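Descriptive structure summary
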Amino acid sequence: MSHLMSKMLHAARSEGTAVAAVNFYSFESARGALLAARDADRPVILAFGARYLKNLSLTQAAALARCSAESLNVKWALHLDHCSDLNVVRAAIDAGFDSVMYDGSALPFADNIRNTAQVVSWAAERGADVEAELGAVKTGAHSAEDSGSVELYTDPAQAAVFVRSTGIDALAVSIGTVHGLYKGTPHIRLDILEAIRAAVDTPLVRHGASGMGRGLLQDTIRRGICKINVNTELSMAGAAAAKELLDREPAAHLSSLSLTITEAFRKAAESYMDLAAMKPEERTSSAQGE
Ligand code: 13P
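The present account deals with the structure reproduced in this document.

Analysis parameters
- Residues numbered from 1 in each chain as written.
- Predicted model: local features only at pLDDT ≥ 70, side-chain atom pairs only at ≥ 80, totals over all residues.
- Heavy atoms only, no water.
- Helix = DSSP H or I, 4+ residues; strand = E, 2+ residues; numbered from the N terminus.
- Rg over C-alpha atoms; globule rule 2.2 N^0.38 Å.
- Buried < 20%, exposed > 50% of the residue type's maximum accessible area, 1.4 Å probe, protein only.
- Contact = heavy atoms within 4.5 Å.
- Areas by Shrake-Rupley, 256 points an atom, 1.4 Å probe, with all protein chains shown as cover.
- Lys, Arg positive; Asp, Glu negative; His and termini not counted.
- Charge placed at Lys NZ, Arg CZ, Asp CG, Glu CD.
- Near = heavy atom within 4 Å.
- Polar contact = N/O pair within 3.5 Å; in protein donor to acceptor, adjacent residues only side chain to side chain.
- Nonpolar A, V, L, I, M, F, W, Y, C, P; charged D, E, K, R; others polar.
- Pairing = 2+ DSSP bridges.
- Axes fitted to C-alpha atoms, helices over the stretch in contact; angles between N-to-C directions.
- Right-handed = clockwise from strand over helix to strand, strands pointing away.

Here's the deal with the overall build of the protein
- Counting secondary structure elements, the protein contains 10 helices and 10 strands.
- Against the compact-globule benchmark of 19 Å for 290 residues, the protein has a radius of gyration of 18 Å, which places it among compact chains.
- When its C-alpha atoms are laid out on the principal axes, the protein stretches across 55 × 45 × 35 Å.
- Looking at the 290 residues of the protein, the share that counts as buried comes to 56%.
- Taking all contacts inside the protein whose residues are at least 6 apart in sequence as the whole, residues at least 24 apart take part in 72%.
- Approximately 12,000 Å² of the protein is accessible, and the part contributed by carbon and sulfur atoms is 53%.
- For the protein, the centre of its 28 positive side-chain charges and the centre of its 34 negative side-chain charges are spaced 1 Å apart.

Listed below in structure tokens is the structure:
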């Protein structure tokens, strides 16, 4: 393996774009994400969250990603999203994941550094990449994540120490974003993002892309975010399409439902990929980012 995710992120950063990391937990979501990447002509990070271990084992997720990509000429990387269990992180590296997110953000700083550095050394044995998080991202509406109700912005000076001490390949930042839909108007601290960007050279990751408005999302990409994680909105699109089909045809066959969900998921994912792919000169801004 060869630092696939890192290469994608550095390539995106050098052209001022971002890569979409799409959560998957089923054939519909994996295939929908890959079809979107094919149609948008973009690479994609297939992100399997540890919380979906109830849906698929790590080896099933890896096999599903591989077989869903069959016959599609798409560049993709397999990523373990949000995992605070070191044993699961190690198992994902051993199962061939291209990258892992060890989430020690709830731990004291020194423990987060120690555990993350351990993960970096395991990943190095396999040429895998490591993402880690500093700060705390809250859970909004309709999210499957359980990141709690505490919001703690990433401290730029601490981020510099963290990156230097751990050797991570990507840093997830907390700048007022939430997992899921916003319960009020999003207020994203672009000033903090700029300060983090000035303090660290590591690719920066934005969790919680759903529901924040396209202009604001672009403001964060313009300020150095090169991986955008999206889950809730795509799940909602798939579920809404399933409901619509069942309302219309209560006896719809499960195979039709599967195709309908895949297509709705694809469409929703593609709109994120198009946005992530915009060149800096094509981007619009939110009122906040002007
Ligand atoms: P959303 O559910 O808000 O899109 O966030 C997804 C995410 O950050 C996964 O890590």
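Examining the site of the ligand
- Within the structure, the ligand sits among 14 residues, and Asp81, Gly180, Gly208, Ser210 and Thr232 are positioned closest to it.
- Within the side chain of Asp81, a nitrogen or oxygen atom sits 2.7 Å from an oxygen atom of the ligand.
- A distance of 2.5 Å separates an oxygen atom of the ligand from a polar atom in the side chain of Thr232.
- When contributions to the shell around the ligand are tallied by element, the ones reaching two or more residues are strand S3 (76-83), strand S8 (178-179) and strand S10 (225-230).
- When its residues are assigned to classes, the shell around the ligand shows 3 nonpolar, 10 polar and 1 charged.

What about unusual backbone geometry?
- A positive phi is found at Ser71, a non-glycine position, where the angle reads about 65 degrees.
- Among the structural elements, Ser71 can be located in the loop between helix H3 (58-68) and S3.

Describing the sheet that holds strand S5 (residues 129-134)
- Ordered by their spatial adjacency, 8 strands build a closed barrel running S1-S2-S3-S4-S5-S7-S9-S10, and the pairing between neighbours is parallel. The sheet shows a mean angle of 25 degrees between the axes of neighbouring strands, direction not considered.
- Bridge count between strand S4 (residues 99-102) and S5: 4 bridges; the pairing is parallel. Bridging across to S5, Tyr102 finds its partner in Ala132.

A word on the pairing of S10
- By the criterion of burial, S10 is predominantly enclosed, with 6 of the 6 residues buried.
- Relative to S10, strand S9 (residues 204-206) runs parallel, the two sharing 3 bridges. Residue pairing across strands places Leu204 opposite Ile225, the latter belonging to S10.
- Between the parallel elements S9 and S10, the chain passes through helix H8 (residues 214-222) in a crossover that is right-handed.

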